[in-house]
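Spelled out, the chains give:
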Amino acid sequence: MATRHCASVIHRIQASKLINARGTFTPLGVSRSSPGVAAAAAAALSEFALLDDMQTAASAAIARMSGAEAGTVVHCTAAAITLAIAATMTGTSPERVAALPDTSGMRHRVLLPATHTVNYGHPIKQAVRLAGATPVVVGTPERCGVGDLLTELAHRDTACLLLVSSRLVQGEGPDLTAAAAAAHAHGVPVVLDGAAQDFLVRQLLTTGADILLISAQKYLAAPTAGLLMGRTDLITAVRAQEKGIGRGMKATKEAIAGVMAALAEREALDVSAWAAARARMVEHFSARAERLPGLTAWSVPDPTGLPFTRAHIRVDPSGARLTAWELAAALRTGNPQVWVMEHRAEAGELVFDLAALRADEVDTILERLAACLE
Ligand SMILES: *Cc1c(COP(=O)(O)O)cnc(C)c1O
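As the structure is a computational prediction, the values presented were derived from the model and not from experiment. (Residues numbered from 1 in each chain as written. Predicted model: local features only at pLDDT ≥ 70, side-chain atom pairs only at ≥ 80, totals over all residues. Heavy atoms only, no water.)

## Quick word on the sheet that holds strand β9 (residues 295–301)
Across a sheet, strands are paired by hydrogen bonds formed along the backbone, either parallel or antiparallel in direction. The strand order across the open sheet built from three strands is β9-β10-β12, with neighbouring strands paired in antiparallel fashion. At either margin of the open sheet sits one strand with a lone partner, and together these are β9 and β12 (349–352). Geometrically, the sheet is characterised by an average inter-axis angle of 25° between neighbouring strands, direction not taken into account. For strand β10 (residues 309–315) and β12, the ladder comprises four bridges, and the chain directions are antiparallel. Each bridged residue has a counterpart across the sheet, and for Arg314 the counterpart in β12 is Glu349. Contacts from helix α12 (residues 271–289) reach β9, β10 and β12, with the element oriented near 10° to β10. Contacts from helix α14 (residues 324–333) reach β9, β10 and β12 within the one sheet, and its direction differs from that of β12 by about 40°. (Pairing = 2+ DSSP bridges. Helix = DSSP H or I, 4+ residues; strand = E, 2+ residues; numbered from the N terminus. Axes fitted to C-alpha atoms, helices over the stretch in contact; angles between N-to-C directions. Contact = heavy atoms within 4.5 Å.)

## A few points about the domain arrangement of the chain
Each assigned domain of the chain is listed here: domain 1 (12–31 + 270–372) and domain 2 (49–268). When each unit is reduced to the centre of its C-alpha atoms, the spacing between domain 1 and domain 2 is 31 Å. With 18 residues of domain 1 at the contact, the number on the domain 2 side is 12 residues. Buried area between domain 1 and domain 2, both sides added, is near 1,200 Å², and the carbon and sulfur share of it is 65%. Considering only the side of domain 1, the residues that lose the most area to domain 2 are Thr24, Thr304 and Leu306, jointly responsible for 39% of the buried surface there. The interface formed by domain 1 and domain 2 holds zero salt bridges in total. Across the contact surface, domain 1 and domain 2 share five residue pairs in polar contact (both at pLDDT 80 or more). The class makeup of the residues in the side of domain 1 that touches domain 2 is nine nonpolar, six polar and three charged. (Domains from an automatic or database assignment. Buried area = accessible area lost by both parts, 1.4 Å probe. Salt bridge = Lys/Arg side-chain N within 4 Å of Asp/Glu carboxyl O. Polar contact = N/O pair within 3.5 Å; in protein donor to acceptor, adjacent residues only side chain to side chain. Nonpolar A, V, L, I, M, F, W, Y, C, P; charged D, E, K, R; others polar.)

## Quick look at the packing of aromatic side chains
Here the structure, examined in full by the defined rule, presents four aromatic pairs. Summarising the aromatic geometry, the rings of Tyr219 and Phe308 are spaced 4.8 Å apart at their centres and angled 50° between planes, so their arrangement reads as tilted. Separated by 89 residues along the polypeptide, Tyr219 in the loop between β7 (211–215) and β8 (226–230) and Phe308 in the loop between β9 and β10 bring together distant segments of the chain. Taken individually, Tyr219 and Phe308 each receive the classification buried, so the pair is uniform in this respect. Three or more aromatic residues link up through ring pairs in this structure, and these residues are Phe199, Tyr219, Trp274 and Phe308. Of note, Arg266 hangs over the ring of Phe199, and the distance from its end group to the ring centre comes to 3.7 Å. The ring of Trp339 has Arg332 sitting right over it, with the charged end atom 5.6 Å from the ring centre. (Phe/Tyr/Trp six-rings, centres within 6.5 Å; stacked < 30°, edge-to-face > 60°. Buried < 20%, exposed > 50% of the residue type's maximum accessible area, 1.4 Å probe, protein only. Lys NZ or Arg CZ within 6 Å of the ring centre and 35° of its normal.)

## Structural notes on the pattern of salt bridges
If you walk through the whole model with that rule in mind, you get 19 salt bridges. Between Glu267 and Arg64 there is a salt bridge, and its shortest N-O distance comes to 3.5 Å. Of the two residues, Glu267 is situated in helix α11 (residues 253–268) and Arg64 in helix α3 (residues 51–66); the sequence distance between them amounts to 203 residues. Pair check on accessibility: Glu267 and Arg64 agree, each one exposed. Beyond isolated ion pairs, a larger network of salt bridges with shared partners links Arg32, Arg358, Asp360 and Glu361.

## Quick look at the site of the ligand
Residues in contact with the ligand, as listed here, are Cys76, Thr77, Ala78, Tyr120, Val164, Ser166, Asp193, Ala195, Ser215, Gln217 and Lys218. Within the backbone of Ala78, one N or O atom sits 2.8 Å away from an oxygen atom of the ligand. Note that an oxygen atom of the ligand is positioned 2.8 Å from one of the side-chain N or O atoms of Gln217. Protein coverage of the free-state accessible area of the ligand, which is 380 Å², stands at 90%. Of the residues belonging to the shell around the ligand, the class tally is five nonpolar, four polar and two charged. (Near = heavy atom within 4 Å. Areas by Shrake-Rupley, 256 points an atom, 1.4 Å probe, with all protein chains shown as cover.)

Pasting the structure below:
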């Protein structure tokens, strides 16, 4: 009932159906929750709740999932970046928490490899500046090694080192484990943005990161939330920001309830069976797409090691009578609208993320492809 009502709001606003083969893309609504996750969030909406108790339960669930000492939930990963940086500058000092974003008298330089100065909708540097900190970009967009970081780590006023792990990363960044060890040798904590890496949290924490950040609404498919996990003292200092700049970045009860349900579903998931089923779907898609005029298709594993593949399609304009850009635009403007990844379109390639799609939706994409190439 509740689900049907929510769906009708979207259908009233949006005339045509939308199939998202573009991955966990914020402007498209990021992901779809399971019925169990949706029900948990919906049930929370009509109840009062002790938010502290919900955060305590979430901390235990996040710790179990990740192996970290503690965890907490905030509004999203962009908020988590700002609040993790704030935590490294203020600790739990109420005066310091109240003073932000004025960082007078606090260590406020935040080292960021130039290879990691990504833009996920806004520049990550702005998420750092929102806390009142000063991002210090190290190295070049082509390369930042541990040696480059060591030079800057010698500054006494360095608060924290921020590293990002995602397919947005450009060039050759520092080895995460070596970078964390170098930062620790200078008493500098490490914040690791692993927004879409929810399948890999245990592995990412073995780098020595003091806090790891994950978006709950990406492949975990929970309501929008940012999960922070790591050292208890830093997580406590993140929570202290609730009485400061974190007020506008808080997690809602429905988000925490949805996150708890999504974490329970992930714990129960047989990841290798799921991965095998997803891989078969990509193979089926590629094999069928390959038969269409001007297309070559193949599967590519996720570059950061997430347990699924994506379909890559090369568009030969002489056979397809369309460029990759034109085919993407045609798919997007039809009914249902189909959105695909266009970051390789310049090279004549379109990428299809099918991880969240049903078999009937994959078949619809193939029908739309065939119609565009007629
Ligand atoms: C998506 C993303 C973010 C932002 O996450 P939100 O939860 O949408 O705020 C930050 N960093 C990276 C690398 C991302 O991919």
